[in-house]
Amino acid sequence: MNQCKEYIEQIYKSPKIITLVRSIKPVELQDDLLQELAIVLLEYDCDKLIQINQDGKLLNFAMSIVWKMGTLQNGYFYKTYKKSNLRQAVEYFESQQGEEIPNEYIEEATTIS
């Protein structure tokens with residue numbers, strides 16, 4: 001397990017991973033995305049991580065996880081973070097305007113993200 005923790009720490013600090021995470025929007029969720037990557041890797045079977053690393057594919061494996069979590073709209077990260085972030089934004093705008101945002105604007109915003 002210590003070997004896996006070392007691999008995960010290397011991935012977590014990898015400039016390529018950090019660059020990829022920084023390309024995912026919104027900016028406010030980038031740290032959460034990096035943390036979720038660490039959790040996913042920590043929960044992954046250690047023997048499989050060792051094999052992926054021995055095959056020289058661990059960085060690419062981690063990058064694919066980041067990309068999928070950051071861009072797919074049907075995954076855990078989207079449902080947990082991005083979707084609630086969108087609801088919070090709508091609530092904020094409503095509180096600033098003193099009136100509700102028309103539903104067509106809300107629907108349009110959800111199709112954009």
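In this report, we go over the structure that sits alongside the text. The structure displayed is predicted, hence computed values, not measured ones. (Residues numbered from 1 in each chain as written. Predicted model: local features only at pLDDT ≥ 70, side-chain atom pairs only at ≥ 80, totals over all residues. Heavy atoms only, no water.)

**Quick notes on helix α2 (residues 15-22)**
- For α2, the complete set of buried residues consists of I17, L20 and V21. The arc that holds the buried residues of α2, viewed along the axis, is 100°, so those residues lie on one side. With respect to the buried face of α2, the exposed residues turned more than 90 degrees away are P15, K16 and T19.
- Tucked inside the fold, the buried residues of α2 contact α1 (2-13), α3 (30-43) and α5 (58-71). (Buried < 20%, exposed > 50% of the residue type's maximum accessible area, 1.4 Å probe, protein only. Helix = DSSP H or I, 4+ residues; strand = E, 2+ residues; numbered from the N terminus. Arc of directions from axis to C-beta. Contact = heavy atoms within 4.5 Å.)

**Some words on the pattern of salt bridges**
- Evaluation of the coordinates by the stated rule reveals 2 salt bridges.
- The shortest N-O distance in the salt bridge between K13 and E9 comes to 2.9 Å. Highlighted residues: K13 and E9, both in helix α1, separated by 4 residues, approximately one helical turn.
- The exposed category is assigned to K13, whose relative accessible area is 54%.
- E9 gets classed as partly exposed once you look at its relative accessible area, which sits at 44%.
- Here D31 makes a salt bridge to R22, at a shortest N to O gap of 3.5 Å.
- On the basis of relative accessible area, R22 is assigned to the partly exposed category, the value being 36%. (Salt bridge = Lys/Arg side-chain N within 4 Å of Asp/Glu carboxyl O.)

**Describing the packing of α2 against α5**
- Relative orientation of the contacting elements α2 and α5 amounts to 15°, with a least axis distance of 10 Å. As summarised for this structure, α2 and α5 are arranged roughly parallel, according to the angle between their axes. Considering how the two elements wind past one another, α2 and α5 form a crossing that is right-handed. Residues K16, I17, L20 and V21 of α2 lie in contact with α5, whose contacting residues are L59, A62, M63, V66 and W67.
- Here the residues of the contact of α2 with α5 are counted per class, giving 8 nonpolar, no polar and 1 charged. (Axes fitted to C-alpha atoms, helices over the stretch in contact; angles between N-to-C directions. Parallel < 35°, antiparallel > 145°, perpendicular 65-115°, else oblique. Left-handed = near helix turned anticlockwise from the far one by under 90°. Nonpolar A, V, L, I, M, F, W, Y, C, P; charged D, E, K, R; others polar.)

**Digging into α5**
- Along its 14 residues, α5 runs 20 Å from first to last C-alpha, staying within 8% of the 20 Å computed at 1.5 Å per residue.
- The set of residues buried in α5 consists of L58, F61, A62, I65, V66, M69 and G70. Within α5, the buried residues cover an arc of 160° as seen down the axis, which keeps them to one side. Of the exposed residues in α5, the ones pointing more than 90 degrees away from its buried face are N60 and K68. (Expected span 1.5 Å × (residues − 1).)

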